[in-house]
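So the chains spell out like this:
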Amino acid sequence: MLPQLLLSRLVRRMLWQTVRFNSAGSNKSNAPDAASNDVIVDYEDPDYLPLPQYPARPNEPLHTRKSRLVYQSRKRGMLENDLLLSTFADKYLKDFNAEQTAIYDQLINGVSNDWDIYYWATDVKPTPKEYDTEIMKLLKQHVKNTEKVTRFRQPDLN
């Protein structure tokens, strides 16, 4: 225990001296201008937002794709979609063919904002034409919950 304590003190002292030396010896005239490398993103104009492209997986086996989609349906980053999409995937994904699975993959991974999926599924916002598919219609029906199923937690993994 004592050697570890001494070693951590030594490392901390060395790091502190390095930080003090660098901050004292830095010359602002030689430092690059940080503002010159900044990219300004205008959030008022969403056409210019840099959106990441979801990588296509054309040779992914259907079983592997369905397993990945089950996981991705459960881990959305917002509880509302976690519950809606995980229960939807549990109920319908096992019966999807390859084309339907690809459409569902594009729906949950092609959209950059999960709130869009939520608003479309709950009919708060109109669904864009490219996402208004049979899978979205099925998701909207699932969200209406005509069976009155309680969805307080995600379904168990099999």
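Going by the annotation in an unreviewed UniProt entry, the name recorded for the protein is Succinate dehydrogenase assembly factor 2, mitochondrial, with Drosophila busckii given as the source organism. The UniProt entry for the protein carries this comment under Subcellular location (unreviewed entry): "Mitochondrion matrix". UniProt, in the comment section headed Subunit (unreviewed entry), describes the protein in these words: "Interacts with the flavoprotein subunit within the SDH catalytic dimer."

Caption draft 1: Expanded view of the packing of aromatic side chains. Scanning the model with the defined rule gives eight aromatic pairs in all. One aromatic cluster is present, formed by Phe-88, Tyr-92, Phe-96 and Tyr-104 through successive ring pairs.

Caption draft 2: The arrangement of helix H6 (residues 134-144) in detail. Within H6, the full set of buried residues consists of Ile-135, Met-136, Leu-139, Lys-140, His-142 and Val-143. Buried residues of H6, seen end-on, are gathered within an arc of 160° and therefore sit on one face of the element. The inward-facing, buried residues of H6 contact helix H3 (79-92), helix H4 (98-110) and helix H5 (114-121). At the C-terminal side of H6, Asn-145 shows a positive phi close to 55°.

Caption draft 3: Structural detail: H4. Here H4 spans 17 Å end to end across 13 residues, near enough to the 18 Å set by a 1.5 Å rise per residue. Burial in H4 covers these residues: Gln-100, Thr-101, Tyr-104, Asp-105, Leu-107, Ile-108 and Asn-109. The buried residues of H4 occupy one face: seen down the axis, they fall within an arc of 170°. Buried residues in H4 make contact with helix H2 (62-74), H3, H5 and H6. In this structure Asn-97 caps H4, since a side-chain oxygen of it lies 3.1 Å from the backbone nitrogen of Glu-99.

Caption draft 4: A look at the side chain of Thr-101. Tracing the chain through its elements places Thr-101 in helix H4. Here Thr-101 falls in the buried class, since its relative accessible area comes to 0%. Residue contacts for Thr-101: discarding those within four places in its chain leaves Leu-62, Arg-65, Lys-66, Leu-69, Leu-93 and Phe-96.

Caption draft 5: Layout of the environment of Asn-97. Here Asn-97 shows up in the loop between H3 and H4. Residue classification places Asn-97 among the partly exposed residues on the basis of a relative accessible area of 38%. Residues Asn-97 and Leu-62, spaced 35 residues apart in sequence, show a C-alpha to C-alpha distance of 8.4 Å. Polar contacts involving the side chain of Asn-97 include one to the main-chain amide nitrogen of Glu-99, which spans 3.1 Å.

Thresholds, definitions, all that
- Residues numbered from 1 in each chain as written.
- Predicted model: local features only at pLDDT ≥ 70, side-chain atom pairs only at ≥ 80, totals over all residues.
- Heavy atoms only, no water.
- UniProt positions renumbered as here; feature names shortened; annotations may be inferred.
- Phe/Tyr/Trp six-rings, centres within 6.5 Å; stacked < 30°, edge-to-face > 60°.
- Buried < 20%, exposed > 50% of the residue type's maximum accessible area, 1.4 Å probe, protein only.
- Helix = DSSP H or I, 4+ residues; strand = E, 2+ residues; numbered from the N terminus.
- Arc of directions from axis to C-beta.
- Contact = heavy atoms within 4.5 Å.
- Expected span 1.5 Å × (residues − 1).
- Polar contact = N/O pair within 3.5 Å; in protein donor to acceptor, adjacent residues only side chain to side chain.

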